[in-house]
Structure formats: structure tokens, C-alpha cells
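# Examining the three-dimensional arrangement
Each chain, letter by letter, is given below.
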Amino acid sequence: VARHSRLLSVCIAVLTKVWHSSIVVILGLVLAIVVVSSSMLYLVEYDRCQQLGVSCKGFESIPHTCWFAISTLTTVGYGDVIPQTAAGKVIAIALSIVAVMTLALAGALFSYDFAEHFREEREWRRVELEISFDSGRDQDFRELQDLAREVRGTCDALIARLAV
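### Some thoughts on the overall build of the protein chain
Secondary structure assignment for the protein chain yields four helices and zero strands. With respect to the three principal axes, the spread of C-alpha positions in the protein chain is 125 × 25 × 20 Å. Long-range pairs, those at least 24 residues apart, make up 62% of the contacts in the protein chain with a sequence separation of at least 6. Positive and negative side-chain charges in the protein chain, numbering 15 and 18 respectively, have mean positions lying 2 Å apart.

Put into C-alpha cells, the structure is as follows:
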């Protein structure tokens, strides 16, 4: 399918080119944010809910808390799990803000990578055009030299006949 769609082939080319730079950085950042925020929310919510005797649905363990962190980080926010304590809500607000900033950073990195790809492609085409123009000019020059030799040979033959 990518062979027939220029847009899809460009996307695949850019993503394979930046796999080790932009994508790994974004995924590492997201993973770190999820682990840190899940740990903080678990510590704040689980301990405090136990003290208050409130239901801690969704915050029973750090993996359970990851669901809330991931849904908040991806800005989906299902609403099935919400923090009950004030500190948990502050952490959730901070996580939401960090999520928007992370998505903006990812968008900026990918747009830069696409712009760089198109810039390289344009430069490659310019160089290719110059090379083809130079080789075409060299071919024209060789043809002119061959014609000049042929004309000179014909003139020499004509002068030789006239001299007789």
C-alpha cells in the first residue's frame, strides 16, 4: 500500500528515520510520567483513603493507578476512576497539564522531522537535476565536437578535391 501512496511512504520514511531520536524520547518521557504520577497518586490516594475510610476504587495498587495516569496523559479521561483527596486532585491537574505539554512537544518534534525530510528531499532533487543538466550539457558538447570534426573532415576533403 505504501508504494502507491506518497503520503504513507513519506510517513513511514520519517518514522523509521526518527525512531531512535524523537519517538524514543517521547515514549521514554511518557513512561517516566506514568510511573512517577502513578506512584505519587497511589501514595497519596491509598494511604489517605484508608485513613478516611473512603473507597479507593482504582487506586489499590500502582498498576491500577497507571490506568488513571494513562487515561489522563492521553487526554481521554474516562471518568471511571477519579482521585478523592485534595492532594490527588492537585496531582491529577498537574498530570493533565504535563500531558498537554508532552503532546505539544511530540507534535513539534514530528513536524520538525517531517519538515527536515521534505527539505532533504528537495535538496536531493535539486542535486539530481543539476547532475542531469551537467551530463546533458556534456553530451551536447560532445555532439558539437563530433559535428565540428565531421565538418572539418568534409572541408579538408573538399579542399583536397578542389586542389586537384
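Right, picking up where we left off after that structure.
### Considerations on the pattern of salt bridges
What the rule picks out here adds up to four salt bridges. Arg 125 is paired through a salt bridge with Glu 121; the nearest N and O atoms lie 3.8 Å apart. Of this pair, Arg 125 and Glu 121 both sit in helix H4 (residues 86-163), four residues apart, roughly one helical turn.

### With respect to the confidence of the model for the protein chain
A low pLDDT score tells you not to read the predicted coordinates there in detail. Mean pLDDT over the protein chain works out to 83, with 93% of the residues at or above the 70 mark. Mean pLDDT across the secondary structure elements of the protein chain bottoms out at helix H1 (residues 6-17), with 81, and peaks at helix H3 (residues 62-73), with 88.

### Digging into the nonpolar core
Within the largest apolar cluster, seven residues are counted, these being Ile 33, Val 34, Cys 66, Ala 69, Leu 73, Leu 95 and Ala 99. For this core, the elements supplying multiple residues, two or more each, are helix H2 (19-52), H3 and H4. By residue number, the principal contributor to this core is H3, which donates three residues. For Ile 33, the contacting residues outside a window of four places in its chain are Leu 73, Leu 95, Val 98 and Thr 102. By size, the runner-up hydrophobic cluster in this structure holds six residues, among which are Leu 41, Phe 68, Ile 91 and Ala 92.

### Some remarks on the packing of aromatic side chains
Inspection of every chain in the model, using the stated rule, returns two aromatic pairs. With a centroid separation of 5.3 Å and 15° between ring planes, the pair formed by Tyr 42 and Tyr 46 is classed as stacked. Here Tyr 42 and its partner Tyr 46 are both found in helix H2, four residues apart, which amounts to about one turn of the helix.

### Side note on the side chain of Ser 37
Along the chain, Ser 37 falls in helix H2. Taking relative accessible area as the criterion, Ser 37 reaches 7% and is therefore assigned buried. Polar side-chain contacts of Ser 37 include one of 2.7 Å to the backbone oxygen of Ile 33. In this structure the side chain of Ser 37 is engaged in a polar contact, spanning 3.3 Å, whose partner is the backbone oxygen of Val 34. Apart from the residues lying within four places of it in its own chain, the contact partners of Ser 37 are Ala 69, Ile 91 and Leu 95.

### A closer look at the packing of H2 against H3
Packing of H2 against H3 leaves a shortest axis separation of 8 Å and a crossing angle of 125°. Looking at the two axes, H2 sits oblique to H3. Every pair of crossing elements has a handedness; the one defined by H2 and H3 is right-handed. Residues Val 30, Ile 33, Val 34, Ser 37, Ser 38, Ser 39, Leu 41 and Tyr 42 of H2 lie in contact with H3, whose contacting residues are Ile 62, Thr 65, Cys 66, Phe 68, Ala 69, Ile 70 and Leu 73. A class-by-class count of the residues in the contact of H2 with H3 yields eleven nonpolar, four polar and no charged.

Thresholds, definitions, all that
- Residues numbered from 1 in each chain as written.
- Predicted model: local features only at pLDDT ≥ 70, side-chain atom pairs only at ≥ 80, totals over all residues.
- Heavy atoms only, no water.
- Helix = DSSP H or I, 4+ residues; strand = E, 2+ residues; numbered from the N terminus.
- Contact = heavy atoms within 4.5 Å.
- Lys, Arg positive; Asp, Glu negative; His and termini not counted.
- Charge placed at Lys NZ, Arg CZ, Asp CG, Glu CD.
- Salt bridge = Lys/Arg side-chain N within 4 Å of Asp/Glu carboxyl O.
- pLDDT = per-residue confidence, 0-100.
- Core = buried A, V, L, I, M, F, W, Y, C linked by side-chain atoms within 4.5 Å.
- Buried < 20%, exposed > 50% of the residue type's maximum accessible area, 1.4 Å probe, protein only.
- Phe/Tyr/Trp six-rings, centres within 6.5 Å; stacked < 30°, edge-to-face > 60°.
- Polar contact = N/O pair within 3.5 Å; in protein donor to acceptor, adjacent residues only side chain to side chain.
- Axes fitted to C-alpha atoms, helices over the stretch in contact; angles between N-to-C directions.
- Parallel < 35°, antiparallel > 145°, perpendicular 65-115°, else oblique.
- Left-handed = near helix turned anticlockwise from the far one by under 90°.
- Nonpolar A, V, L, I, M, F, W, Y, C, P; charged D, E, K, R; others polar.

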